[in-house]
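# Architecture and fold: a report
As a plain string of letters, each chain reads:
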Amino acid sequence: ACDIGTSRIRLLDESTINKIAAGEVIERPASVVKELIENSVDAHASEVRVEIGGYGTKSILVVDNGVGMSHTDASLAFKKHATSKINTIEDLDRILTMGFRGEALASIASVAKVELVTRQEDSIGGTKVVVDGSGIRNISSAGTAVGTSILVNDLFYSTPARKKYLKSARTELSHIIDVVSRNSLAHSDVSFTLVIDGKVSLRSPSSAKMLDSIVHLYGADVARSLVPLEYESDLLTISGYISKPELTRSGKDLQVFFINGRSIFSNQISNAVRLGYYTLLPKGRYPAAFLNFIIDPVNVDVNVHPAKREVRLSHEKEIEAMVISAVEDALGRGSLVPEVQVRK
Ligand code: ADP
Ligand code: MG
């Protein structure tokens, strides 16, 4: 007789599954901020206010004036894979929204205590949903302005191991500032305010100009050493700024790339930018680059990284060549060659 043996494989219960999945998307307080402000942008908000208590582990509040949610949607929003942004797998090929997996709110709620208050323009009252690691606690009506506010308290209260791995308050706050800065550059038509422990730490101008945001976020000295970059081909358009070779950094902290409004990290793009400078950069130094890529979403796979930090591009080689030549052009225009004094 054949021995079917004892089974060691068990199916995890849903709350455990959610906590594990959350680990991939919600690494730290800044991940929460990123997911919430991306939702606000997707909801067509023109104003987004972020308030941080402690260094995000105590509280994160994000208030927007976007389209809000209906009572029904508010109660569905925290379910895993609940999204209003795609319907079918084909939609993945034309994603222009920041979100699409319907995972963020479920993940956040599985590791924190969350209160959502939301109202749509055409509805008289709003909805308040209270949810935590064990599910929805309460749904009620609530008076509120049009838009959505999400309060996240006691982040990682249910996953002490994750909380232990957070870095210093200073480091966590710098990640939060970075996330808000990147988003305000990517969406210069949205005004972002970041308040840390009651003090305004960042307020992006409501101007729709990227350079204004750069001045605001990185200072006039950085902005002064930039040259504009514009490039257009059948495949893509690139617009933004790169630094003259004299402004470099030891890291890539002044490199911000967006593809279709999404802030991404890409060694490939970063390397191509560097190649465009040829030998003009000292070894181990990186130029500043704030570049916005508009590419047909068919050619961009955003579904390769849990936090969507990286993307996969079709036509990699062509795009690389285009970046190199865009950088060359931009530097050529930006009085790259030092003025030569001609002695008579
Ligand atoms: P995704 O963004 O991938 O769709 P989320 O879990 O982040 O998934 O959000 C789930 C859904 O909740 C969204 O698809 C959207 O319909 C709704 N939602 C979330 N945040 C907001 C917001 N700030 N304003 C309006 N709707 C929102
Ligand atoms: Mg989202």
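As a reminder, the structure under discussion sits directly above these lines.
The structure reproduced in this document is the subject of the present report. (Residues numbered from 1 in each chain as written. Chains lettered and ligands numbered in written order. Predicted model: local features only at pLDDT ≥ 70, side-chain atom pairs only at ≥ 80, totals over all residues.)

What follows covers the overall build of the protein. Regarding its fold elements, the protein presents 10 helices and 17 strands. What you see for the protein is a C-alpha radius of gyration of 23 Å, in line with the 20 Å of a compact globule of 344 residues. The principal-axis extents of the C-alpha atoms in the protein amount to approximately 90 × 65 × 40 Å. Here the protein, with 344 residues, has 39% of them falling under the buried criterion. Of all intrachain contacts in the protein linking residues separated by at least 6 positions in sequence, the fraction that spans at least 24 positions is 67%. (Helix = DSSP H or I, 4+ residues; strand = E, 2+ residues; numbered from the N terminus. Rg over C-alpha atoms; globule rule 2.2 N^0.38 Å. Buried ≥ 20, exposed ≤ 12 C-beta atoms within 10 Å, placed from the backbone. Contact = placed C-beta atoms within 7 Å.)

Mapped onto the secondary structure, Ser84 falls in the loop between α3 (71-76) and α4 (104-110). Taking the number of C-beta atoms within 10 Å as the measure of exposure, Ser84 has 16 and is therefore partly exposed. Note: C-alpha distance between Ser84 and Ile17 (67 residues apart in sequence) is 22 Å.

Time to look at the sheet that holds strand β3 (residues 113-119). Spatially, the eight strands line up as an open sheet ordered β5-β4-β3-β6-β2-β1-β7-β8, and their pairing is mixed. At either end of the open sheet lies a strand with only one pairing partner, and these are β5 (135-142) and β8 (199-203). Going across the sheet, the axis of each strand differs from the next one's by a mean of 15 degrees, ignoring polarity. In terms of strand pairing, strand β1 (residues 47-53) meets strand β7 (residues 191-196) through six bridges, oriented parallel. Considered in β7, the bridge of Val50 is made with Leu194. Helix-sheet contacts for helix α6 (residues 169-186) involve β1, β7 and β8, and the interaxial angle to β7 is about 170 degrees. (Pairing = 2+ DSSP bridges. Axes fitted to C-alpha atoms, helices over the stretch in contact; angles between N-to-C directions.)

It is worth spelling out the site of ligand 1 at this point. Taken together, 24 residues lie near ligand 1, and Asn39, Ala43, Thr83, Gly99 and Ala104 sit nearest. Mapped onto the shell around ligand 1, the elements with two or more residues apiece are α2 (29-42) and α4. Considering only residue class, the shell around ligand 1 consists of nine nonpolar, nine polar and six charged. (Near = placed C-beta within 6 Å. Nonpolar A, V, L, I, M, F, W, Y, C, P; charged D, E, K, R; others polar.)

Attention now moves to α6. Taking 1.5 Å per residue, 18 residues should reach 26 Å; α6 reaches 26 Å between its end C-alpha atoms and fits that length. All of the buried residues in α6 are Leu173, His175, Ile176, Val179, Val180, Ser181, Arg182, Asn183, Ser184, Leu185 and Ala186. (Expected span 1.5 Å × (residues − 1).)

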